[in-house]
Amino acid sequence: MKYPKTQYAKAIQDQDRVSSPFLIKYSAVATGKTGKPYMNVILTDKTGDIEARIFDNVPKYNAQAVKDTFVQVEGNAQSFNSRIQIHIKDLIILREDEVSSEEFLPPSFLNAERIYTELKAIVASMQDPHYRALMESIFVDDAEIVSKFKKAPAAKSMHHAYPVGLLEHVVSIAKMLDFLATHYSPYLNRDLLLVGGFMHDLAKIWELQYEKVTDYTTEGRLIGHLVMGVELIEKKAAMIEGFPNEKKLLAKHMVLAHHGKLEYGSPKEPACIEALVVHMIDDLDSKVNAMRVFIENDTQTGMWTLLNKQFSRYFYKPEWSRKV
Ligand SMILES: [Fe+2]
Ligand SMILES: [Fe+2]
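Note that the structure is a prediction, hence the values are computed from the model and not measured.

## So, the overall build of the protein chain
At step 1: A tally of regular secondary structure across the protein chain gives eleven helices and seven strands.
At step 2: Dimensions of the protein chain, computed from C-alpha atoms along their principal axes, come out at roughly 65 × 45 × 40 Å.
At step 3: Within the protein chain, the fraction of its 324 residues that count as buried is 32%.

In structure tokens form, the structure reads like this:
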């Protein structure tokens, strides 16, 4: 490899000299107090992100430091507001074949095959023949969907924003729904709940692109995962002989209502108990994950994390998360 990875984002310390390739996750020009332009850059590799600044030759580097570009970074690390920042002195744009790309993707620490096996067992336990056939046609028989579903993150940021995050999120939800179906028995339809849990975010496999840096696709921006999920149900149900119209409408409603409110992007608010339960469990699972990951990645040494902008608050750090 022409440009071997020698330094990792998470291991860089104050005063380190930096000379290593990174992937640019974000870059923007800002203006300093004196009116002089500088660049805000976020560099990433498989260990995480690190902030960087470019103070000199901004017009030159503005054209080079473009999102999703591999670059060889030369500079120095400095502590600023208790965060480490790299002051970039020089950048060289690298071709993809000059770096080993696996050094720049977050590791798939989740075992996709194991979680997928759990998902298949839950699908097989469904009693309603139509709902089970619909889920099998998507999660077992459709090789393209299965392959994407084993890799996709559940979001660009916010929650489960790492490879296999979508599968982890969906199976976590399905297990809670299974428990709640018994807990609220006989008032909940377990199979309809599971259809909601499995389908609610599935179209994120097309809404997002996640080969290098996760971002929205054109389809995702123009249509979005709720409507794309409904289109998939329409297509797959049409291929199952005698699929009852009412069940199809309910399955679609589970997807359309899962954001809970119109202002959160749901065109319909939950109109049946199952849709309400899926919405609330989805919200619970995404927030628990977002909070856990933020606390885990926090670099502060004390009892409190840095400010979390998504929640607009500081989190108390439990024993397991404190750095020594
Ligand atoms: Fe969603
Ligand atoms: Fe979700």
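## What to know about the domain arrangement of the protein chain
At step 1: Domain annotation of the protein chain identifies domain 1 (9-103) and domain 2 (112-292).
At step 2: Distance between the C-alpha centres of domain 1 and domain 2: 37 Å.

## Section: the packing of helix 5 (residues 165-183) against helix 11 (residues 273-297)
The geometry of a pair of packed helices is captured by two quantities: the angle between their axes and the separation between those axes.
At step 1: Two numbers describe how helix 5 lies on helix 11: the axes approach to 10 Å, and their chain directions differ by 130°. Looking at the two axes, helix 5 sits oblique to helix 11. For helix 5 against helix 11, the interelement crossing comes out right-handed. Judged by residue contacts, H169, S172, I173, M176, L177 and L180 of helix 5 engage V277, I281, D282 and D285 from helix 11.
At step 2: Considering only residue class, the contact of helix 5 with helix 11 consists of six nonpolar, two polar and two charged.

## Quick word on unusual backbone geometry
At step 1: Between S185 and P186 the backbone carries a cis peptide bond, its omega angle lying at 5°.
At step 2: Mapping P186 onto the fold places it in the loop between helix 5 and helix 6 (190-199).
At step 3: With phi around 55°, N57 is a residue other than glycine that occupies positive phi space.
At step 4: Its location among the elements puts N57 in the loop between strand 3 (48-54) and helix 1 (58-64).
At step 5: Phi at V164 takes a positive value of approximately 70°, unusual for a residue other than glycine.
At step 6: Take V164: it is sitting in the loop between helix 4 (143-149) and helix 5.

## Regarding the environment of L166
At step 1: With respect to the secondary-structure elements, L166 resides in helix 5.
At step 2: C-beta crowding within 10 Å serves as the criterion here: with 25 such atoms nearby, L166 is assigned to the buried category.
At step 3: Separated by 38 residues in sequence, L166 and K204 place their C-alpha atoms 8.1 Å apart.
At step 4: Other than its neighbours up to four places away in sequence, L166 contacts F149, A152, P153, A154, H160, D201 and K204.

## Details of the nonpolar core
At step 1: Among the nonpolar cores identified, the biggest contains 44 residues, and M135, L177, V195, F198, M199 and M254 are the most heavily contacted of them.
At step 2: Counting only elements with at least two residues in this core, the list comes to helix 3 (129-139), helix 5, helix 6, helix 9 (225-238), helix 10 (245-256) and helix 11.
At step 3: Leaving out residues up to four positions away in the same chain, V195 has contacts with Y131, L134, M135, A251 and M254.

## A short note on helix 5
At step 1: Helix length check: helix 5 (19 residues) gives 27 Å between terminal C-alpha atoms against 27 Å at 1.5 Å per residue, within 8%.
At step 2: For helix 5, every residue scored as buried is listed here: G165, L166, L167, E168, H169, V170, S172, I173, A174, L177 and A181.
At step 3: Contacts made by the buried residues of helix 5 are with helix 2 (112-124), helix 4, helix 6, helix 7 (204-207) and helix 11.

Criteria and thresholds
Residues numbered from 1 in each chain as written. Chains lettered and ligands numbered in written order. Predicted model: local features only at pLDDT ≥ 70, side-chain atom pairs only at ≥ 80, totals over all residues. Helix = DSSP H or I, 4+ residues; strand = E, 2+ residues; numbered from the N terminus. Buried ≥ 20, exposed ≤ 12 C-beta atoms within 10 Å, placed from the backbone. Domains from an automatic or database assignment. Axes fitted to C-alpha atoms, helices over the stretch in contact; angles between N-to-C directions. Parallel < 35°, antiparallel > 145°, perpendicular 65-115°, else oblique. Left-handed = near helix turned anticlockwise from the far one by under 90°. Contact = placed C-beta atoms within 7 Å. Nonpolar A, V, L, I, M, F, W, Y, C, P; charged D, E, K, R; others polar. Core = buried A, V, L, I, M, F, W, Y, C linked by C-beta atoms within 7 Å. Expected span 1.5 Å × (residues − 1).

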